Amino acid sequence: MWNVWFDFPIDKTLREKECIEKGSLEKSRYDYYELMKRSLKEMYRVLKFNRWLAFVFQHQDPKLWQILVDSAENLGFEYVGSIRQDNGQESFKKVQNPSTVLSGQIIIYFKKVDNAKARVKLEVGEDIMEQMFKDIEAIIVEHNGASLNEIWNELVIKAVEGNYIDRIARKFESFIPAINERFECNEDKKYHLREHSSFSNYNIDLEKRVEYFIRAKLGRAKKDKIGLQFDDIVFEVIPLSKNGVQANKKMIRDILQELAFEINNKWYLKDKEQTLFSN
């Protein structure tokens with residue numbers, strides 16, 4: 001729009017960068033989404049801490065609003081709120097399609113907050129930080145909860161294999177606040193995924209991830225001295241294990257029979273199973 005306004009030349013390179021759906025290059029929904037994420041990433045990079053972003057969103061599909069908010073939060077922005085702004089008059093397209101075209105736009109407010117995770121991201125880079133967290137998830141699953149020493153000892157090996165050891169060497173202490181923010185540390189000083197959190201590392205075997213979730217859920221129930229119905233376990237585990245390949249009821253039941261016992265249609269963790277919630 002600005003190039004047209006100032007009568008600047010518009011070539012294919014500029015059109016490829018334009019964050020729209022369809023258009024002269026017939027961009028797909030995926031193209032739109034990827035361009036939007038790249039734009040948000042650059043906005044996050046140039047914005048100072050504790051400063052604000054007001055994002056004017058206008059798209060015919062309101063479902064993309066949630067995708068936009070999720071993407072911004074994954075980058076490190078904090079979602080603050082949204083307001084609708086009326087244009088004052090309806091567009092010709094709105095008049096023609098009153099039930100399918102949105103009128104006005106939504107202004108979405110984000111803030112670049114200063115926290116431990118954001119500091120680590122700036123220090124080592126977003127890609128390295130996310131890879132480090134994925135490797136920590138694998139360590140946690142392998143040990144069914146891992147101490148800080150266990151995480152560091154095994155992370156060194158994974159960082160060498162992943163070619164990022166030079167980025168974290170001699171800096172681990174500065175990462176501890178970010179690890180505490182991402183993961184949950186129990187009374188035994190063992191780190192676990194936070195409740196209702198899912199894995200970002202889908203290279204971890206699906207059965208191992210499902211087993212981890214079942215242990216955690218039954219462990220919480222054991223602490224509360226209650227049993228859980230099969231359906232309650234299924235509806236908790238399946239959404240958390242999703243990554244294109246989903247757990248099914250048979251897999252969950254097979255794992256349950258290894259870890260727990262059933263009384264009156266309720267499942268209880270076996271005493272020999274030690275979890276973060278065991279007494």
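Residues numbered from 1 in each chain as written. Predicted model: local features only at pLDDT ≥ 70, side-chain atom pairs only at ≥ 80, totals over all residues. Heavy atoms only, no water.

A few words now on the overall build of the protein. In terms of helices and strands, the protein carries 13 helices and seven strands. For the protein, restricting intrachain contacts to residue pairs at least 6 apart in sequence, the fraction spanning at least 24 positions comes to 61%. Accessible area for the protein stands at about 17,300 Å²; split by element, carbon and sulfur atoms hold 49% of it. (Helix = DSSP H or I, 4+ residues; strand = E, 2+ residues; numbered from the N terminus. Contact = heavy atoms within 4.5 Å. Areas by Shrake-Rupley, 256 points an atom, 1.4 Å probe, with all protein chains shown as cover.)

Moving on, we get to the confidence of the model for the protein. Interpreting fine coordinate detail is not advised for predicted regions of low pLDDT. In this model, the protein carries a mean pLDDT of 80, and residues with pLDDT of at least 70 account for 84%. At the low end of the mean pLDDT range in the protein sits helix α5 (residues 92-96), at 52; at the high end sits strand β5 (residues 191-193), at 93. Contacts from residues 98-102, a stretch scored under 50 in pLDDT, to residues over four places away or in other chains number seven contacts. Within the model, pLDDT remains below 50 along residues 274-279, and this stretch shows 15 contacts once partners closer than five positions in the same chain are excluded. (pLDDT = per-residue confidence, 0-100.)

One can find Glu137 in helix α7 (residues 126-143). In this structure the side chain of Glu137 is engaged in a polar contact, spanning 2.9 Å, whose partner is the backbone nitrogen of Asn201. In contact with Glu137, not counting residues within four places along its chain, are Arg182, Phe183, Leu193, Ser198, Phe199, Ser200, Asn201 and Ile204. (Polar contact = N/O pair within 3.5 Å; in protein donor to acceptor, adjacent residues only side chain to side chain.)

Turning our attention to helix α3 (residues 29-46). With 18 residues, α3 extends 26 Å between its outermost C-alpha atoms, agreeing within 8% with the 26 Å of an ideal straight helix rising 1.5 Å per residue. The set of residues buried in α3 consists of Tyr32, Leu35, Met36, Leu40 and Tyr44. (Expected span 1.5 Å × (residues − 1). Buried < 20%, exposed > 50% of the residue type's maximum accessible area, 1.4 Å probe, protein only.)

Inspection of the sheet shows strand β6 (residues 260-263) paired to strand β7 (residues 266-269) by four bridges, in the antiparallel sense. Residue pairing across strands places Glu262 opposite Trp267, the latter belonging to β7. Where β6 hands over to β7, the hairpin turn is made up of two residues, of which Asn264 adopts a positive phi near 50°. (Pairing = 2+ DSSP bridges.)

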